[in-house]
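# Architecture at a glance
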Amino acid sequence: MRIVIGNDHTAVEMKQCIKEYLEGQGHEVINVGTDSSESVDYPVFGEKVARAVVAKEADRGIAICGTGVGIGIVCNKVRGVRCVTCSEPYSARYARLHNNANVLSFGARVVGQELAKMIVDEFIGTEFEGGRHERRVNMILGLEERF
Ligand code: RB5
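First, a word on what this report is: a plain description of the structure on this page.

About the criteria used
Residues numbered from 1 in each chain as written. Predicted model: local features only at pLDDT ≥ 70, side-chain atom pairs only at ≥ 80, totals over all residues. Heavy atoms only, no water. Pairing = 2+ DSSP bridges. Helix = DSSP H or I, 4+ residues; strand = E, 2+ residues; numbered from the N terminus. Axes fitted to C-alpha atoms, helices over the stretch in contact; angles between N-to-C directions. Buried < 20%, exposed > 50% of the residue type's maximum accessible area, 1.4 Å probe, protein only. Contact = heavy atoms within 4.5 Å. Polar contact = N/O pair within 3.5 Å; in protein donor to acceptor, adjacent residues only side chain to side chain. Core = buried A, V, L, I, M, F, W, Y, C linked by side-chain atoms within 4.5 Å. Near = heavy atom within 4 Å. Areas by Shrake-Rupley, 256 points an atom, 1.4 Å probe, with all protein chains shown as cover.

### Regarding the sheet that holds strand E3 (residues 60-65)
Hydrogen bonding along the main chain pairs the strands of a sheet, whether they run parallel or antiparallel. Here five strands make up an open sheet; going across it, the order is E2-E1-E3-E5-E4 and the pairing parallel. Whereas interior strands pair on both sides, the edge strands pair on one side only; in this sheet they are strand E2 (28-31) and strand E4 (83-85). Each strand of the sheet is rotated relative to its neighbour by a mean of 20°, with strand direction disregarded. In this structure, strand E1 (residues 2-7) lies alongside E2, joined through four bridges in parallel fashion. Each residue of the ladder has a partner; that of Ile-5, found in E2, is Asn-31.

### Some points on helix H4 (residues 89-97)
Inspection of H4 places Ala-92, Ala-95, Arg-96 and Leu-97 among the buried residues, and these make up the whole buried set. Buried residues along H4 sit against E3, E4, helix H5 (113-125) and helix H6 (132-146). N-cap assignment for H4: the residue whose side-chain oxygen lies 3.0 Å from the backbone N of Tyr-90 is Glu-88.

### What about the nonpolar core?
Ile-18, Leu-22, Ile-62, Leu-104, Phe-106 and Val-120 are the most contacted members of the largest nonpolar core, which has 22 residues in total. Contributions of two or more residues to this core are made by E1, helix H1 (12-24), E3, H4, strand E5 (103-107) and H5. A per-element tally of this core places H5 first, with five residues. Apart from the residues lying within four places of it in its own chain, the contact partners of Leu-104 are Gly-61, Ile-62, Ala-63, Cys-83, Val-84, Cys-86, Ile-119, Val-120 and Phe-123. In terms of nonpolar packing, the next biggest core, distinct from the first, is built from 15 residues, Phe-45, Ala-52, Ala-58 and Val-103 among them.

### Notes on the environment of Leu-115
Tracing the chain through its elements places Leu-115 in helix H5. Separated by 67 residues in sequence, Leu-115 and Lys-48 have C-alpha atoms that sit 25 Å apart. In this view, Leu-115 contacts Ser-87 and Pro-89; residues no more than four positions away in its chain are not counted.

### Focus on the site of the ligand
Lining the immediate environment of the ligand, one finds Asp-8, Thr-10, Tyr-42, Cys-65, Gly-66, Thr-67, Gly-70 and Arg-109. One nitrogen or oxygen atom from the side chain of Asp-8 is found 2.5 Å from an oxygen atom belonging to the ligand. Here Gly-66 contributes a backbone N or O atom positioned 2.8 Å from an oxygen atom of the ligand. Its free accessible area being 290 Å², the ligand has 70% of it covered by the protein chains.

Laid out in structure tokens, this is it:
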């Protein structure tokens, strides 16, 4: 799978850890930065992740900031993105099964690296269930169209 990953200055080390973890599983990881500990604005990097996903340059996106909240809000502003902010694996699993989430965000200041790997495993390894959930996801897409 091709996965785009982006982050602000709070999450450089976490991003590197997750990137190496995914590459070790054979995934292709597109890193859109930042790779510096110098303070940056998370909306810049959330937008890069979101754009890569809707442009189909990546199958899924991972966006990391201090809390995962700000960068997750940014991603969800981009039409076609369904970003889930997770601090545990259960929500990541069901965001895939039921919501067909295409971007995951989490906080480098909230979760440790081992928990982050478990969250990422669920997000990357779980397929959308479809069926009745397809109708609901289509309702989300309809809402996007109306606004
Ligand atoms: C940066 O200090 C912090 O605000 C950012 O990483 C993120 O947590 C915002 O939601």
